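# Summary of structural features
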Amino acid sequence: RRLITSGGHPDMALADILKLITTKAKKRSAADLRATLAEIDPKALEAEVDRLEAQRRRLLVHGSDAEVLAIGAEITAANLACERGAAAIEELNRLIAEADQREAEAAIETTVAEAEKAGRQIADTATEVDVATGALAALLGKLSTQTATLRSLNGPLEKAGRQVAKAPDIKVIRRRVIDRLR
């Protein structure tokens, strides 16, 4: 007997869904489990029982004992399908909750890993900034020393009327560096 579905996979039997629940469900995503859940149409299963019971009532009046007994077996099978469908719905809802929890935990672990990676990258960049700042401070110190040397050499040359290289204003250079860091 095929499962009467709500428009999904008409070839999927209730037995197939029950097998899936008992063997592979823990490996499936919540979305896959929801799709499987959508395959079960309890109203259609109940409608099949109602249809068979109506047919049995007709056979009670117009059919043979063998036909009544045969339809009784079909009704039993349809009732079993209804009960199994309800049990499958309940189990799938439980499995979906578990899958949602697993997926949420996996998402958190992924976020933790990404945050740890970002933290390591920040630490590496901070180290680079520290090294660059040290190098910049050394360069500014060197520039300051060179400027002081040039000024001390320029003093006597200017008195002699000679034009020489002009020393940069260290305060202006430091201000430019600070402005670029903002």
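This report concerns the structure included in the present document. Only a predicted model underlies this, so the values are computations on that prediction, with no experimental measurement involved.

Rules and cut-offs
Residues numbered from 1 in each chain as written. Predicted model: local features only at pLDDT ≥ 70, side-chain atom pairs only at ≥ 80, totals over all residues. Heavy atoms only, no water. Core = buried A, V, L, I, M, F, W, Y, C linked by side-chain atoms within 4.5 Å. Buried < 20%, exposed > 50% of the residue type's maximum accessible area, 1.4 Å probe, protein only. Helix = DSSP H or I, 4+ residues; strand = E, 2+ residues; numbered from the N terminus. Contact = heavy atoms within 4.5 Å. Expected span 1.5 Å × (residues − 1). Arc of directions from axis to C-beta. Polar contact = N/O pair within 3.5 Å; in protein donor to acceptor, adjacent residues only side chain to side chain. Salt bridge = Lys/Arg side-chain N within 4 Å of Asp/Glu carboxyl O. Axes fitted to C-alpha atoms, helices over the stretch in contact; angles between N-to-C directions. Left-handed = near helix turned anticlockwise from the far one by under 90°. Nonpolar A, V, L, I, M, F, W, Y, C, P; charged D, E, K, R; others polar. Parallel < 35°, antiparallel > 145°, perpendicular 65-115°, else oblique.

Ile21, Leu33, Ile40 and Leu92 are the most contacted members of the largest nonpolar core, which has 23 residues in total. For this core, the elements supplying multiple residues, two or more each, are helix 1 (14–23), helix 2 (30–39), helix 3 (42–62) and helix 4 (65–159). Looking at this core, the element that brings in the most residues is helix 4, giving 11 residues. Excluding its chain neighbours within four sequence positions, the residues that come into contact with Leu92 are Ile17, Ile21, Leu33, Thr36, Leu37 and Ile40.

The next point concerns helix 3. The first and last C-alpha atoms of helix 3 sit 30 Å apart over 21 residues, in line with the 30 Å expected at 1.5 Å per residue. When we look at burial in helix 3, the residues that qualify are Ala44, Leu45, Glu48, Val49, Leu52 and Leu59. Buried residues along helix 3 cover an arc of 145° about the axis, so they all sit on one side. Those residues of helix 3 that are exposed and angled more than 90 degrees off the buried face are Lys43, Arg57 and Val61. Looking at the buried positions of helix 3, the neighbouring elements they touch are helix 4. Between the side-chain oxygen at the start of helix 3 and the backbone nitrogen of Lys43 there is a gap of 3.2 Å, and the oxygen is on Asp41.

The next point concerns the pattern of salt bridges. For the coordinates displayed, the defined rule picks out five salt bridges. Measuring nitrogen to oxygen at the nearest pair gives 2.4 Å for the salt bridge that ties Arg94 to Glu91. Of this pair, Arg94 and Glu91 both sit in helix 4, separated by three residues, roughly a single helical turn. By relative accessible area, Glu91 is classed as partly exposed at 25%. Here the salt bridges do not stand alone but share partners, grouping Glu91, Arg94 and Glu98 into one network.

What follows is about the packing of helix 1 against helix 4. Between helix 1 and helix 4, the shortest axis-to-axis distance is 10 Å and the interhelical angle comes to 35°. In the crossing of helix 1 with helix 4, the sense of the turn from one axis to the other is left-handed. Between helix 1 and helix 4, the contacting residues are Leu14, Ile17, Leu18 and Ile21 on the first element and Ala81, Arg84, Gly85, Ala88, Glu91, Leu92 and Leu95 on the second. Of the residues contributing to the contact of helix 1 with helix 4, the split by class is eight nonpolar, one polar and two charged.

Between its first and last C-alpha atoms helix 4 spans 136 Å; for 95 residues at 1.5 Å apiece the expected length is 141 Å, and the two agree. A positive backbone phi angle near 85° is found at Gly161, which sits one or two residues after helix 4.

For the pair helix 2 and helix 4, interaxial distance at closest approach is 8 Å and the crossing angle is 165°. Classified by the interaxial angle, the pair formed by helix 2 and helix 4 is roughly antiparallel. Along this stretch, helix 2 crosses helix 4, giving a crossing that reads as left-handed. Residue-level inspection shows Ala30, Leu33, Arg34, Thr36 and Leu37 of helix 2 in contact with helix 4, the latter providing Ile89, Leu92, Asn93, Leu95, Ile96, Ala99, Asp100 and Glu103. A breakdown of the residues in the contact of helix 2 with helix 4 according to their chemical character gives eight nonpolar, two polar and three charged.

Residue placement: Thr147 occurs in helix 4. For Thr147, a relative accessible area of 3% translates into the label buried. If near-sequence neighbours (up to four positions away) are discounted, Thr147 is found in contact with Ala167, Pro168 and Ile170.

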